[in-house]
Amino acid sequence: MKKVLLIIGFVCFQSFSAQNIMDFDLKNVELQGMQPVKVNKEMKSAGIAKIPFVTDNPEIISKITDADIASKITKVYGFVYDNPKDDLHDGGVYIYQFKTKKDLDNYLAKNFEQPNYRVLVKDLFYIRIWSDYGYQIEGKETSDDHLNKLEKYYTHLGAKKIRLKQDKSNITVVQ
């Protein structure tokens, strides 16, 4: 009986201590040159009171996502970073929890590959990591370094990187 209770206790402890997609302290992830963004007036008016943020409020979701998908999302999670010395550089993660797999797949089909972000998926979660850190200083991290760190973090939690279709509207053919 003691062994059974010990096993049950261990399993419960593991489930409480295990990280998951919604674990937003981004343990052991630092984006050199960036820090968590300070909540500004615009964010407050959208209903975001702190970073990281999590919401299941449909009114807030409709303010921070595209109108065509807001009703298909049950929760939005976000952790945004910026360079406090230069407001042109930011990065972080947004996660949308969709209501159904079909809603998620339809959204994925509408998205295009971009060099400054990557998309990962786990279950009904769409995970978009991005970095617009434009400095290219020798010995310092780059946007790609930030993306690699964030991607590694989420793949470790079981997410899979998704290859989106290429946006052919911005490709010029030279003859």
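As a reminder, the structure under discussion sits directly above these lines.
Fair warning: this is a prediction, and the values are worked out from it, not measured in the lab.

**Q** Explain the pattern of salt bridges here, please?
**A** Note on pairing: side chains with opposite charge can pair once their charged atoms come close. Per the counting criterion, the structure on display carries seven salt bridges. Note that Lys-63 and Glu-59 form a salt bridge whose closest N and O atoms lie 3.9 Å from each other. With a gap of four residues between them, Lys-63 and Glu-59 both fall in helix α3 (residues 58–64), about one helical turn apart. Lys-63 gets classed as partly exposed once you look at its relative accessible area, which sits at 47%. Measuring nitrogen to oxygen at the nearest pair gives 3.0 Å for the salt bridge that ties Asp-105 to Lys-101. One end of the pair is Asp-105 and the other is Lys-101, both in helix α5 (residues 101–110) and four residues apart, which spans about a single turn. Assessed through its relative accessible area of 33%, Asp-105 is described here as partly exposed.

**Q** How should I be thinking about the pairing of strand β4 (residues 86–98) in this particular structure?
**A** The two faces of a sheet get side chains in turn, since along a regular strand they alternate between them. Bridge analysis of strand β3 (residues 73–83) against β4 gives ten bridges, and the strand direction is antiparallel. From the neighbouring strand, Ile-73 faces β4, where its bridge partner is Phe-98. Where β3 folds back on β4, the antiparallel hairpin that results is connected by two residues. For β4 and strand β6 (residues 125–131), the ladder comprises seven bridges, and the chain directions are antiparallel. Within β6, the position partnered with Tyr-96 by the bridge is Tyr-126.

**Q** Can you walk me through unusual backbone geometry in this structure?
**A** The omega angle of the peptide bond from Ile-51 to Pro-52 is 0°, so this bond is cis rather than trans. In this structure, Pro-52 sits in the loop between α2 (41–46) and β2 (53–55). Phi at Asp-123 is positive, roughly 55°, even though this residue is not glycine. Along the chain, the position of Asp-123 falls in the loop between β5 (117–122) and β6. For Asp-123, a relative accessible area of 55% corresponds to the exposed category.

Thresholds, definitions, all that
Residues numbered from 1 in each chain as written. Predicted model: local features only at pLDDT ≥ 70, side-chain atom pairs only at ≥ 80, totals over all residues. Heavy atoms only, no water. Salt bridge = Lys/Arg side-chain N within 4 Å of Asp/Glu carboxyl O. Helix = DSSP H or I, 4+ residues; strand = E, 2+ residues; numbered from the N terminus. Buried < 20%, exposed > 50% of the residue type's maximum accessible area, 1.4 Å probe, protein only. Pairing = 2+ DSSP bridges.

Shape is all these values report; function is a separate question.
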